[in-house]
Amino acid sequence: MAAFSDITGHEQLVSYFLRSLDNGNISHAYILSGEDGMGKMTLARAFAMSLLCRTHDACGSCSSCLQFASDNHPDMIYVTHEKENSIGVDDIRQQVVSDTEIRPYNGGYKVYIIDEAEKLTPAAQNALLKTIEEPPEYVVIMLLSSHEESFLQTILSRCITLRLRPLSDRMVIEYLMKHYGIEQHQASICAAFARGNLGKAITLADSERFMEMHGKTIEILKNIYDKPLYQLLDELKELKDEINEVLDTMKLWYRDVVVFKATQDSNLLIFKEEQKAIKKMADHSSFNGLDEIQNAIDKAQARLKANVGFELVAELLLLTLQEN
């Protein structure tokens, strides 16, 4: 299904769409803006299903809803493109501009969803603009984008822009535990990495590679004072291909160390199952030392982006971790 009742979070946007459906105040063009994985397509499909439903409430049982659920609705058009990095003017002319001349087959609307709309070329946007400015009364165009700044100002000024916001960690954790059956500590880790992006959290929860990387990184940190530098360096080299996730894990770990040092409250920890190790590190390190560590992790990320050699970056980072 694709009904609003199936959506987790985004209460304000759901309420907005429901009010629009109730009062019949439907725009011809919307921009749904947000990170990949935040639910833009889910929201767009829920709105489209309701618009196309015989009763406009996504009943799930009428002929329109049944067609929609089987991805076989003639008035639901997903714009495609052959070029990976761009949606060209011909794509828009053939799939949208020309098609809008054909009236709906089953109801009062035809809905066009353009995913990754930031890939629209300027020429494609200008071709689309003509339809947005003078659309047939039954046309609704939904642009889904992770970079709304890529749109021409003329497009932005004629669309209603709706921005998806991150979900709370609590909401993400509860969703993962309910729908994926994972334990709370694992769900907490995925939620912390996802930063409110439910799609990303689901991907992480389903990734054995991620959990393996996470476990190896935690072992490095737990043994940072007990193993020689060369051994820690060898272990970090094994995670070279996942170094960005490794550094993010380190940030979250030392965030926990700072929080526990300041509050002594284990309920505030992300890595609750590692309370003993976190307490040990909090007792060992000063607040100034922990600040130096966080700065060192930031520097490591910046150096890697600047293509500084991995081994040098890793060694400097590990030295700072050991010394503080």
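Residues numbered from 1 in each chain as written. Predicted model: local features only at pLDDT ≥ 70, side-chain atom pairs only at ≥ 80, totals over all residues. Heavy atoms only, no water.

A. Molecular detail of the overall build of the chain. Secondary structure assignment for the chain yields 15 helices and 5 strands. Taken along the three principal axes of its C-alpha coordinates, the chain extends 70 × 40 × 30 Å. Looking at the chain as a whole, 49% of its 324 residues are labelled buried. In the chain, 70% of the contacts between residues at least 6 apart in sequence involve partners at least 24 apart. Summing over all exposed atoms, the chain offers an accessible surface of approximately 16300 Å²; the carbon and sulfur share of this is 46%. (Helix = DSSP H or I, 4+ residues; strand = E, 2+ residues; numbered from the N terminus. Buried < 20%, exposed > 50% of the residue type's maximum accessible area, 1.4 Å probe, protein only. Contact = heavy atoms within 4.5 Å. Areas by Shrake-Rupley, 256 points an atom, 1.4 Å probe, with all protein chains shown as cover.)

B. Representation of the packing of aromatic side chains. Counted according to the given criterion, the structure contains 8 aromatic pairs. Ring geometry for Phe4 versus Phe17: centroids 6.0 Å apart, planes at 20°, classification stacked. Of the two residues, Phe4 is situated in the segment before helix 1 (11–23) and Phe17 in helix 1; the sequence distance between them amounts to 13 residues. Note on Phe4: relative accessible area 10%, which makes it buried. In this structure Phe17 comes out as buried when scored by relative accessible area, which is 0%. For the ring pair Tyr30 and Phe47, a centre distance of 5.4 Å and an interplane angle of 80° mean the geometry is edge-to-face. Linking Tyr30 in strand 1 (residues 29–33) with Phe47 in helix 2 (residues 40–52), this pair joins segments that are 17 residues apart in sequence. The burial state of Tyr30 is the same as that of Phe47; both residues are buried. Among the aromatic residues, those joined into a ring-pair cluster are Phe4, Tyr16, Phe17, Tyr30 and Phe47. The ring of Phe287 carries the charged tip of Lys261 above its face, separated from the ring centre by 5.5 Å. (Phe/Tyr/Trp six-rings, centres within 6.5 Å; stacked < 30°, edge-to-face > 60°. Lys NZ or Arg CZ within 6 Å of the ring centre and 35° of its normal.)

C. The pattern of salt bridges, seen in detail. Overall, the coordinates contain 16 salt bridges when judged by the stated rule. A salt bridge links Arg45 to Asp71; the shortest N-O distance between them is 3.3 Å. With a gap of 26 residues between them, Arg45 in helix 2 and Asp71 in the loop between helix 3 (63–69) and strand 2 (76–78) connect regions that are remote in the sequence. In this structure Arg45 comes out as buried when scored by relative accessible area, which is 18%. Residue Asp71 is classed as exposed on the basis of its relative accessible area, which comes to 56%. Between Lys279 and Asp283 there is a salt bridge whose closest N-O contact spans 3.0 Å. With Lys279 and Asp283 both in helix 13 (residues 275–284), this residue pair falls 4 residues apart, about one helical turn. Via salt bridges that share partners, Glu219, Lys222 and Glu274 belong to a single interconnected network. (Salt bridge = Lys/Arg side-chain N within 4 Å of Asp/Glu carboxyl O.)

D. Here's a closer look at the pairing of strand 1. Burial runs high along strand 1: 5 of the 5 residues are buried. Residues of strand 1 alternate between two faces, with Ala29, Ile31 and Ser33 on one and Tyr30 and Leu32 on the opposite face, all of them buried. Summarising the sheet, strand 1 and strand 4 (residues 139–145) pair through 5 bridges and their orientation is parallel. Among the inter-strand pairings, Ser33 is bridged to a residue of strand 4, identified as Ser145. In this structure, strand 1 lies alongside strand 5 (residues 160–163), joined through 4 bridges in parallel fashion. Each residue of the ladder has a partner; that of Tyr30, found in strand 5, is Ile160. (Pairing = 2+ DSSP bridges.)

E. Seen up close, the nonpolar core. In terms of nonpolar packing, the biggest core is built from 57 residues, with Leu176, Met250, Trp253, Tyr254 and Leu321 touching the most fellow members. With 9 residues, the top contributor of residues to this core is helix 12 (residues 243–263). Not counting chain neighbours up to four residues away, the residues in contact with Met250 comprise Thr217, Leu221, Leu236, Ile297, Leu317 and Leu321. Counting 33 residues, the second largest nonpolar core, distinct from the first, contains Leu21, Phe47, Cys53 and Leu144. (Core = buried A, V, L, I, M, F, W, Y, C linked by side-chain atoms within 4.5 Å.)

F. Broad picture of helix 15 (residues 310–323). With 14 residues, helix 15 ought to run about 20 Å at 1.5 Å a step, and its terminal C-alpha atoms sit 20 Å apart, in line with that. Those residues of helix 15 not exposed but buried are Phe310, Val313, Ala314, Leu317, Leu318, Thr320 and Leu321. Projected onto a plane normal to the axis of helix 15, the buried residues spread over an arc of 160° and lie on a single side. Exposed residues lying more than 90 degrees from the buried face of helix 15 are Leu312 and Glu323. (Expected span 1.5 Å × (residues − 1). Arc of directions from axis to C-beta.)

G. Geometry of the pairing of strand 3 (residues 110–114). Most of strand 3 sits out of view: 5 of its 5 residues are buried. The two faces of strand 3 match: Lys110, Tyr112 and Ile114 on one face and Val111 and Ile113 on the other face are all buried. Here strand 2 pairs with strand 3 via 3 bridges, running parallel. Bridging from a neighbouring strand, Ile77 pairs with Tyr112 of strand 3. Crossover connection from strand 2 via helix 4 (residues 89–97) to parallel strand 3: handedness right-handed. Sheet topology note: the strand 3/strand 4 ladder contains 5 bridges and is parallel. Pairing of Ile113 across the sheet is with Met142, part of strand 4. Handedness of the crossover joining strand 3 and strand 4 through helix 5 (residues 122–133) is recorded here as right-handed. (Right-handed = clockwise from strand over helix to strand, strands pointing away.)

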